[in-house]
Amino acid sequence: MLDLPSRPGPAPEVYGPAPHAQRSQISPVMLQEELWERMRALPFTYMAPTLVSVSHARSLFIPEGIGAGPVAAFQRGREWAHIHPHHDGSLHLTLPDPLKDEVEKAGWGVRHPEQDTILVYGPRERGELEVVWALVQLSYAYAVGELG
């Protein structure tokens, strides 16, 4: 159980499936950048061209041999997360199904219609940044085998 707070207000407009992205309530660029800096500072992660998203998405990978996350913890290859370009600001994460259910129920994102990921809405303010960051950390824990 995550005990996620409910995301205030209506859900943003989302389109997809390819690309699957957020169209309204776009996260301020400074919050996107702060989130990205935190994401890329996670141990053993490295940035590489995405294997599943739009070409300008910033993607994070974990090298082979690091952690013991299941195949389902990765989007393709060892890519476990990506954040979309500034005009969108949402991100796709891998999480176990029960956690994806909680994210949807609390209004923080929606499942990808074709892939086994969840689109997490970009944070609109600092409090939301902390919630999204907590979800990123859970996704990372899943990828390295610390979350079942």
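Each value, and the rule that gives it
- Residues numbered from 1 in each chain as written.
- Predicted model: local features only at pLDDT ≥ 70, side-chain atom pairs only at ≥ 80, totals over all residues.
- Heavy atoms only, no water.
- Core = buried A, V, L, I, M, F, W, Y, C linked by side-chain atoms within 4.5 Å.
- Buried < 20%, exposed > 50% of the residue type's maximum accessible area, 1.4 Å probe, protein only.
- Helix = DSSP H or I, 4+ residues; strand = E, 2+ residues; numbered from the N terminus.
- Contact = heavy atoms within 4.5 Å.
- Salt bridge = Lys/Arg side-chain N within 4 Å of Asp/Glu carboxyl O.
- Axes fitted to C-alpha atoms, helices over the stretch in contact; angles between N-to-C directions.
- Parallel < 35°, antiparallel > 145°, perpendicular 65-115°, else oblique.
- Left-handed = near helix turned anticlockwise from the far one by under 90°.
- Nonpolar A, V, L, I, M, F, W, Y, C, P; charged D, E, K, R; others polar.
- 1 Å grid on protein atoms, 1.4 Å probe; cavity = no way out; pocket = protein on both sides within 12 Å on 5 of 7 lines; lining within 4 Å.
- Points joined across faces, edges and corners; volume = space filled by probe spheres on them.

J.: Describe the nonpolar core, with residues and values.
T.: The biggest cluster of nonpolar side chains holds 31 residues, and the ones touching the most others in it are Leu 35, Met 39, Trp 80, Leu 91, Leu 93 and Val 136. Of the residues forming this core, the biggest block, nine residues, is contributed by helix H3 (residues 126–143). Each residue touching Leu 35, except ones within four places of it in the same chain, is listed here: Ile 83, Leu 91, Pro 123, Leu 129, Val 132, Trp 133 and Val 136.

J.: Lay out the pattern of salt bridges in plain terms, naming residues and giving numbers.
T.: In total, this model carries 13 salt bridges according to the counting rule given. When the shortest N-O distance is used, the salt bridge between Glu 64 and Arg 78 registers 4.0 Å. One end of the pair, Glu 64, is in the loop between strand S4 (58–61) and strand S5 (79–83); the other, Arg 78, is in the loop between S4 and S5, and 14 residues separate them in sequence. When its relative accessible area of 15% is taken as the criterion, Arg 78 is described as buried. A salt bridge links Glu 128 to Arg 124, with the nearest nitrogen and oxygen atoms 2.5 Å apart. Given a relative accessible area of 3%, Glu 128 falls into the buried group. Several salt bridges share partner residues, and in doing so they unite Asp 97, Lys 100, Asp 101, Glu 104, Arg 111 and Asp 116 into one network.

J.: Run through the packing of helix H1 (residues 29–40) against H3, naming residues and quoting values.
T.: Viewed as axis vectors pointing N to C, H1 and H3 meet at an angle of 30 degrees, and their least axial separation amounts to 11 Å. Between H1 and H3, the interaxial angle falls into the category roughly parallel. Relative to H3, H1 is oriented so that their crossing is right-handed. Contacts between H1 and H3 pair Leu 31, Glu 34, Leu 35, Arg 38 and Met 39 from the former with Arg 126, Leu 129, Glu 130, Val 132, Trp 133 and Val 136 from the latter. The residue makeup of the contact of H1 with H3, split by class, is seven nonpolar, no polar and four charged.

J.: Describe the environment of Gly 69, naming the residues involved and giving the relevant values.
T.: On the secondary structure map, Gly 69 appears in the loop between S4 and S5. Separated by 76 residues in sequence, Gly 69 and Gly 145 place their C-alpha atoms 3.7 Å apart. With residues near it in sequence (within four places) discarded, Gly 69 still touches Phe 74, Tyr 142, Ala 143, Val 144 and Gly 145.

J.: Before we move on, can you summarise the layout of surface pockets with the specific residues and values?
T.: Taken as a whole, the largest pocket encloses approximately 170 Å³ of empty space. Around the largest pocket, the lining is made up of 18 residues, and of these Pro 19, His 20, Ser 53, Val 54 and His 84 lie nearest the centre. Residue composition of the lining of the largest pocket, grouped by class: eight nonpolar, eight polar and two charged.

J.: Lay out the side chain of Ser 27 with the relevant residues and their values.
T.: With respect to the helices and strands, the residue Ser 27 is situated in the loop between strand S2 (21–22) and H1. Sequence-distant contacts of Ser 27, that is, excluding residues within four places in its chain, are made with Gln 32, Asp 88, Gly 122 and Pro 123.

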